Amino acid sequence: MPAYDLIIRNARIVTVERVTEGDIAVKDGVISAIGKASGDATREIDAGGKFVLPGGVDSHVHVAQKSGMGIMCADDFYTGTRSAVFGGTTTIIPFAAQHRGMSLRKVVQDYHQEATPKALIDYAFHLIISDPSPQVMGQELPALIKDGYTSFKIYMTYDALKVTDYQLLDILALARKEGALVMVHAENHDMIQWLAHHLVEQGHVAPKFHAIAHARVAEAEATNRAISLARLVDAPMLIVHMSEIEAIDTVRQARAKGLKIFAETCPQYIALTADDLDKPDVQGAMWCCSPPPRDSAAQEAVWAALKDGTFDVFSSDHAPYQFNEGGKIPKGLKTTFKEMANGVPGLELRLPLLFSEGVQKGRIDLHQFVALSATNHAKLYGLYPRKGTIAVGSDADLAIWDDKKDVTVRWTDLHDNVGYTPYEGRRVTGWPVTVISRGRVVVENGTLNAEKGSGQFLKCVTPDASRPLGRAAPEMTKMASFGARPLF
Ligand code: DUC
Ligand code: ZN
Ligand code: ZN
């Protein structure tokens with residue numbers, strides 16, 4: 001009987017702290033030795049000096065979800081996790097989304113029913129709360145937090161989803177009391193509505209006007225307001241999908257004051273600009289997401305914030321809609337920018353884009369890449385050290401990267417169900433060629449080898465913020481723990 005199930009030999013093992021040369025031995029899905037592995041294994045892989053990184057953790061993903069406008073995502077838990085794993089991601093945290101009038105407990109049950117038979121890799125859930133009714137706030141949410149759903153997203157915009165500032169304060173107070181993390185989509189609803197109304201009135205309905213209606217100041221104002229609300233009740237908050245210079249500065253200042261504010265950005269804010277939405281007829285809808293991509297100055301600000309640790313996590317915000325009437329363009333060629341489905345796919349290309357544009361171009365180092373792509377996500381949602389690192393006792397979730405591999409992005413080579421990629425034709429250097437999930441070699445030589453339903457549900461726990469997130473987030477060391485604390 002071999003000592004191990006798998007040994008990866010001759011690896012350059014990268015974590016947030018160090019690069020180590022050696023072997024990784026795996027038994028029963030868990031890393032059981034690192035260094036010089038003596039003994040044999042059922043399977044050996046020679047990494048040949050390639051980088052072996054923690055499998056990515058993508059903590060902002062929409063799959064099998066209906067948008068506020070009632071449009072179904074193009075990916076379910078099978079195609080979504082398939083796409084993830086081909087891009088080097090081995091854990092996802094999608095949303096169980098409540099629409100108004102729904103029981104949150106029932107919503108969670110429904111998402112489990114969707115995920116259980118289909119997921120190829122491990123997953124946890126965030127909640128989306130659009131209806132903080134007495135039943136939700138008094139019973140369902142506190143119970144769900146105890147059951148391992150410790151983060152929830154709140155919208156400050158979208159008619160069907162947004163909560164008032166008063167409701168957000170209630171939710172923040174509850175998060176503080178129960179020890180949970182509130183994630184905020186920060187855009188000023190009335191500013192966007194007002195601009196959109198006047199643009200449409202003047203016949204400006206093409207996709208490019210989406211980026212004008214979702215003005216930078218709308219993001220900046222809402223970010224500042226959200227942080228002020230969190231400050232009032234001293235509750236932790238994550239601002240998701242940040243795109244904009246002033247908003248990023250506001251986060252940086254809040255953290256410098258010691259506030260427990262975390263921040264996330266996404267591939268579309270380093271690799272796209274508002275000009276991408278400026279295409280003939282409604283084609284620009286394929287690049288439509290909220291907040292919209294901005295310009296090269298904003299991209300530079302995003303890179304600076306990735307480098308200096310203002311951003312804790314780099315997530316895909318994979319929000320996949322096909323370019324047809326059941327997806328992006330519900331009214332076909334007559335669809336106005338107000339009616340387009342919001343969101344772009346990014347699960348599979350999240351890590352290759354960050355690696356190629358970030359590490360290869362010297363904007364961030366490999367350790368920051370690991371922190372931003374895996375370790376910080378696992379720490380923020382209480383999955384560390386089971387996920388997000390390479391250590392004895394951690395799940396053997398690993399990606400072997402060929403840092404020399406040049407790839408020209410073609411949607412036909414990707415594994416989602418979207419039908420296009422906003423990054424078509426881009427060249428990236430560096431690709432996760434072999435991907436391992438709990439010791440199973442799930443991607444190798446471009447082939448998938450995982451059973452539908454073999455992914456496992458992960459319960460999140462409230463993180464202990466006295467442990468720093470990693471090199472990309474040094475301010476965390478100063479932050480108090482955000483375990484449960486009563487407000488009054
Ligand atoms: N917010 C998201 O988080 N994803 C897609 C669209 C949106 O507005
Ligand atoms: Zn959002
Ligand atoms: Zn999202």
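Rules of the game
- Residues take numbers from 1 onward in each chain, read along the sequence in its written order.
- Chains carry letters and ligands carry numbers; both start at the beginning, A for chains and 1 for ligands, and go up in the order they are written.
- Given that the model is predicted, a residue must reach a pLDDT of at least 70 before its local features are reported, and side-chain atom pairs must reach 80 or more before they are shown or counted; all residues, however, enter totals for whole chains, interfaces and linings.
- Side-chain metrics in this entry use all non-hydrogen atoms of the structure; hydrogen atoms and water are not considered.
- Donor atoms are limited to N, O and S found within 2.8 Å of the metal ion, a distance that becomes 3.2 Å for Na, K and Ca. With water left out, some sites might look partial.
- To qualify as a helix, a DSSP run of H or I must reach at least 4 residues; to qualify as a strand, a run of E must reach at least 2; elements of each kind are numbered from the N terminus.
- Summary of the burial criterion: residues with accessible area below 20% of their type's maximum are buried, those above 50% are exposed, and those between are partly exposed, where the area comes from a 1.4 Å probe applied to protein chains only.
- A residue counts as positive if it is Lys or Arg and as negative if it is Asp or Glu; His and the chain ends are not included.
- Counted as salt bridges are all cases of a side-chain nitrogen of Lys or Arg within 4 Å of a carboxyl oxygen of Asp or Glu.
- Pairing of N or O atoms within 3.5 Å defines a polar contact, subject to two protein rules: one partner must be a possible hydrogen donor and the other a possible acceptor, and residues neighboring in sequence count only if both atoms are side-chain atoms.
- Whether two residues are in contact is decided by their heavy atoms, any of which lying within 4.5 Å being enough.
- Nonpolar core, defined: a set of buried Ala, Val, Leu, Ile, Met, Phe, Trp, Tyr and Cys residues in which side-chain atoms within 4.5 Å join the residues together.
- The start and end points of each domain follow an automatic or database-based domain assignment.
- Using a 1.4 Å probe, buried area is obtained as the accessible area two parts lose upon being combined, added over both of them.

Peer 1: Any chance you could break down the coordination of the zinc ion (ligand 2) for me, citing the residues and the numbers?
Peer 2: In this structure, Lys-153 (NZ), His-185 (ND1) and His-241 (NE2) serve as the protein donors to the zinc ion (ligand 2), at separations of 2.1 to 2.2 Å. Counting gaps between the donor residues of the zinc ion (ligand 2) yields the pattern K-x31-H-x55-H. Between the zinc ion (ligand 2) and the zinc ion (ligand 3), the interatomic distance is 4.3 Å. With His-185 in strand E11 (residues 181-185) and His-241 in the loop between strand E12 (237-239) and helix H8 (245-256), this pair connects stretches of sequence that are 56 residues apart. We note that His-185, like His-241, is buried.

Peer 1: Would you mind going over the side chain of Asp-276 in detail, with residue names and values included?
Peer 2: Residue position: Asp-276 is located in the loop between helix H9 (268-271) and helix H10 (296-308). Comment: no salt bridge for buried Asp-276; closest opposite-charge side chain is Lys-279, at 4.0 Å. At 2.9 Å, the side chain of Asp-276 and the backbone nitrogen of Thr-273 are in polar contact. Residues within four places of Asp-276 in sequence aside, it is in contact with Gly-284 and Trp-287.

Peer 1: Account for the nonpolar core, with residues named and values stated.
Peer 2: If you look at the biggest cluster of nonpolar residues, it comprises 135 residues, and the most contacted ones within it are Leu-141, Phe-152 and Leu-306. Ranked by residues supplied to this core, first place goes to helix H12 (residues 366-380) with 7 residues. A domain split of this core shows at least three residues from each of domain 1 (4-53 + 388-403 + 428-448) and domain 2 (55-382 + 461-471 + 473-478). Sequence-distant contacts of Leu-141, that is, excluding residues within four places in its chain, are made with Leu-104, Leu-127, Ile-129, Val-136, Phe-152 and Leu-174. One finds Ala-11, Ile-31, Ile-45 and Leu-398 within the second-largest nonpolar core, a separate group that totals 16 residues.

Peer 1: Go over the pattern of salt bridges, please, and point to the residues and values.
Peer 2: Note on pairing: side chains with opposite charge can pair once their charged atoms come close. Enumeration over the complete set of coordinates arrives at 31 salt bridges. With its nearest N and O atoms 3.0 Å apart, the salt bridge here joins Asp-23 to Arg-9. Taken together, the residues Asp-23 in strand E2 (residues 19-27) and Arg-9 in strand E1 (residues 4-14) connect sequence positions 14 residues apart. For the pair shown, Asp-23 and Arg-9 are each scored as buried. Where Asp-395 meets Lys-387, a salt bridge forms, and the shortest distance between an N and an O atom there is 2.8 Å. Residues joined in a network through salt bridges with shared partners are Asp-122, Arg-386, Lys-387, Asp-395, Asp-397 and Arg-438.

Peer 1: Tell me about the coordination of the zinc ion (ligand 3), and please be specific about residues and values.
Peer 2: Protein ligation of the zinc ion (ligand 3) involves His-60 (NE2), His-62 (NE2) and Asp-317 (OD), the donor distances falling in the range 1.9 to 2.0 Å. Here the donor residues of the zinc ion (ligand 3) are spaced in sequence according to H-x1-H-x254-D. Classification of His-62 by relative accessible area gives buried; the value is 6%.

Peer 1: Please give an account of the domain arrangement of the chain that cites residues and values.
Peer 2: Domain parsing of the chain yields domain 1 (4-53 + 388-403 + 428-448) and domain 2 (55-382 + 461-471 + 473-478). When each unit is reduced to the centre of its C-alpha atoms, the spacing between domain 1 and domain 2 is 30 Å. The partner domain 2 presents 30 residues to the 30 residues of domain 1 that form the contact. Both sides of the domain 1 and domain 2 interface together cover about 2,300 Å² of buried area, and 68% of this is carbon and sulfur. Our enumeration of links across domain 1 and domain 2 arrives at 1 salt bridge. Among the ionic pairs, Asp-122 bridges to Arg-438, the shortest N-O distance being 2.7 Å. The interface formed by domain 1 and domain 2 includes 10 residue pairs in polar contact (both at pLDDT 80 or more). For the side of domain 1 that touches domain 2, the leading source of residues is strand E16 (residues 427-437), giving 8 residues.

Peer 1: Lay out the side chain of Ser-130 in plain terms, naming residues and giving numbers.
Peer 2: Turning to its location among the elements, Ser-130 is positioned in the loop between strand E9 (126-128) and helix H3 (134-146). Ser-130 sits in the buried class, given a relative accessible area of 3%. Within the local environment of Ser-130, its side chain forms a polar contact with the backbone oxygen of Gln-98, the two atoms lying 2.7 Å apart. Residues in contact with Ser-130, not counting those within four places in the same chain, are Gln-98, His-99, Arg-100, Ala-160, Leu-161 and Val-163.

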